[in-house]
Amino acid sequence: MPHIHKPKPFGSLKEFASEIVIIVVGVLIALSAEQGVEALHWGHKIDEAENALRLELSEDDGPQAYARDVVETCLQQSLERMRSVLAAKGGRREFLMLARAYRPPVRTWDNEAWAATVASDVGTHMGAERIVRWSTPFRIIPSLTYMSNRELADMDELRGLPDEAGALTEAQIEHLSLALEKVKTDNVMMGQASTLLLITAKAAGADVPEAKKRKILADARADFGACASPPDYKPLSGGVGQYQTPEQQSHLMQYRAAPGAPMPGAW
């Protein structure tokens, strides 16, 4: 039969208090150790999430935005050539040739890493300042997706002319003038959104690598010529309005009025 030790009664209040202190200290140590392990666990998950966010911006969406900004001047020049043909009441084939040659970069804009961060509990452990810094560039992605799709649809209007000889009719000139304004607005807004994405991504620590920027610029010059040039970004001290001419602000108001257009809150 096993020998059972009976609990030893406390000899004094001092011994009782000493035992209580030992128990409390033991519990506190256990809780601190558990919290430390949990902090390390969440720290690792946050690092993984931020690496994914940084990779998606600096290697995917950021280079696409940079490629768009590099050729924005080239696209503006192409649109002005089309405008000149309309003003001169030129030929249908002349305009159609320019419209078909107008090919801005077509991209898909991704935010899978951000969606995964939001869907998990990682965001709640990042802290307000950190999560806001990362959320800002990703809030622009839905607008870029919308604008890109809209631009493709508007470009189809420019290319809808019959491929036949002869001068543009008054009705065609009126229709194409309106379509051209839409595409011009698309180009301005794509440039604005791309600029915002790059600036906010850099602020979050996800700038496009310099080597990749040089490669994008070289490829753009091979396709578009000398008009392709590296964009010159300024700090956002004055807000997005500092990037807008009165004409661009007018285009922005038109875009905001478009049904279903998702615009970033900062705009």
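See above for the structure.
Nothing here was measured: the structure is a model prediction, and the numbers come from that model.

A. Summary view of the pattern of salt bridges. The final tally for this structure, using the stated rule, is 16 salt bridges. Here Glu80 makes a salt bridge to Arg83, at a shortest N to O gap of 3.5 Å. Here Glu80 and its partner Arg83 are both found in helix 1 (residues 13-87), 3 residues apart, which amounts to about one turn of the helix. Relative accessible area serves as the criterion here: at 30%, Arg83 is assigned to the partly exposed category. A salt bridge links Asp163 to Arg93, with the nearest nitrogen and oxygen atoms 3.3 Å apart. Of the two residues, Asp163 sits in the loop between helix 5 (128-158) and helix 6 (170-203) while Arg93 sits in helix 2 (residues 92-101), which places them 70 residues apart along the sequence. Assessed through its relative accessible area of 45%, Asp163 is described here as partly exposed. What makes Arg93 partly exposed here is its relative accessible area of 46%. Three or more residues are tied together by salt bridges with common partners; here these are Glu80, Arg83, Glu181 and Lys184.

B. Looking closely at the side chain of Asp154. Take Asp154: it is sitting in helix 5. Among the residues examined, Asp154 registers a relative accessible area of 8% and is labelled buried. Beyond its immediate sequence surroundings of up to four residues, Asp154 is in contact with Lys182, Val183 and Asp186.

C. Summary view of the nonpolar core. Formed by 56 residues in total, the largest nonpolar core has its most connected members in Met82, Phe95, Trp134, Leu158 and Leu168. Of all the secondary structure elements, the ones that give two or more residues to this core are helix 1, helix 2, helix 3 (112-119), helix 4 (122-126), helix 5, helix 6 and helix 7 (210-224). Ranked by the residues each element gives to this core, the list is headed by helix 1, at 15 residues. Leaving out residues up to four positions away in the same chain, Leu158 has contacts with Met82, Phe95, Leu96, Ala99, Leu176, Ala179, Leu180 and Val183.

D. Representation of the state of the cysteines. Taken as a whole and judged by the stated rule, the model has 1 disulfide. Paired by a disulfide, Cys74 and Cys227 hold their sulfur atoms 2.0 Å apart. Disulfide Cys74-Cys227: the torsion about the S-S bond is 115°, which places it as right-handed. Of this pair, Cys74 sits in helix 1 while Cys227 sits in the loop between helix 7 and helix 8 (246-256), placing them 153 residues apart in sequence. We classify Cys74 as buried; its relative accessible area is 3%.

E. Region of interest: the packing of helix 5 against helix 6. Where helix 5 meets helix 6, the axes come as close as 9 Å, and the angle between the chain directions of the two elements is 160°. In terms of their interaxial angle, helix 5 and helix 6 are classed as roughly antiparallel. In this structure, the crossing between helix 5 and helix 6 has a hand that is left-handed. Its residues placed into classes, the contact of helix 5 with helix 6 shows 18 nonpolar, 6 polar and 7 charged.

F. Fine view of helix 2. Every buried residue of helix 2 is listed here: Arg92, Phe95, Leu96, Leu98 and Ala99. The buried residues of helix 2 occupy an angular sector of 160° when the element is viewed end-on, so they sit on one face. Exposed side of helix 2, more than 90 degrees from the buried face: Met97 and Ala101 are the residues found there.

G. Looking closely at the packing of aromatic side chains. Under the criterion given, the structure shown has 1 aromatic pair. Ring centres of Trp114 and Phe138 lie 5.7 Å apart, and the angle between their planes is 10°; on these two criteria the pair is classed as stacked. Here the residue Trp114 occupies a position in helix 3, and Phe138 occupies one in helix 5, the gap between them amounting to 24 residues. Given the relative accessible area of 2%, Phe138 is considered buried.

H. Structural detail: unusual backbone geometry. Even without a glycine there, the phi angle at Lys89 is positive, about 55°. Mapped onto the secondary structure, Lys89 falls in the loop between helix 1 and helix 2.

I. Expanded view of the environment of Leu197. Take Leu197: it is sitting in helix 6. Residues Leu197 and Leu57, 140 residues apart in the sequence, show an inter-C-alpha distance of 8.8 Å. Those residues in contact with Leu197 that lie beyond four places of it in its chain are Leu57, Asp61, Ala65, Trp109, Pro137, Ile140, Ile141 and Leu144.

Rules used in this analysis
- Residues numbered from 1 in each chain as written.
- Predicted model: local features only at pLDDT ≥ 70, side-chain atom pairs only at ≥ 80, totals over all residues.
- Heavy atoms only, no water.
- Salt bridge = Lys/Arg side-chain N within 4 Å of Asp/Glu carboxyl O.
- Helix = DSSP H or I, 4+ residues; strand = E, 2+ residues; numbered from the N terminus.
- Buried < 20%, exposed > 50% of the residue type's maximum accessible area, 1.4 Å probe, protein only.
- Contact = heavy atoms within 4.5 Å.
- Core = buried A, V, L, I, M, F, W, Y, C linked by side-chain atoms within 4.5 Å.
- Disulfide = S-S within 2.5 Å.
- Axes fitted to C-alpha atoms, helices over the stretch in contact; angles between N-to-C directions.
- Parallel < 35°, antiparallel > 145°, perpendicular 65-115°, else oblique.
- Left-handed = near helix turned anticlockwise from the far one by under 90°.
- Nonpolar A, V, L, I, M, F, W, Y, C, P; charged D, E, K, R; others polar.
- Arc of directions from axis to C-beta.
- Phe/Tyr/Trp six-rings, centres within 6.5 Å; stacked < 30°, edge-to-face > 60°.

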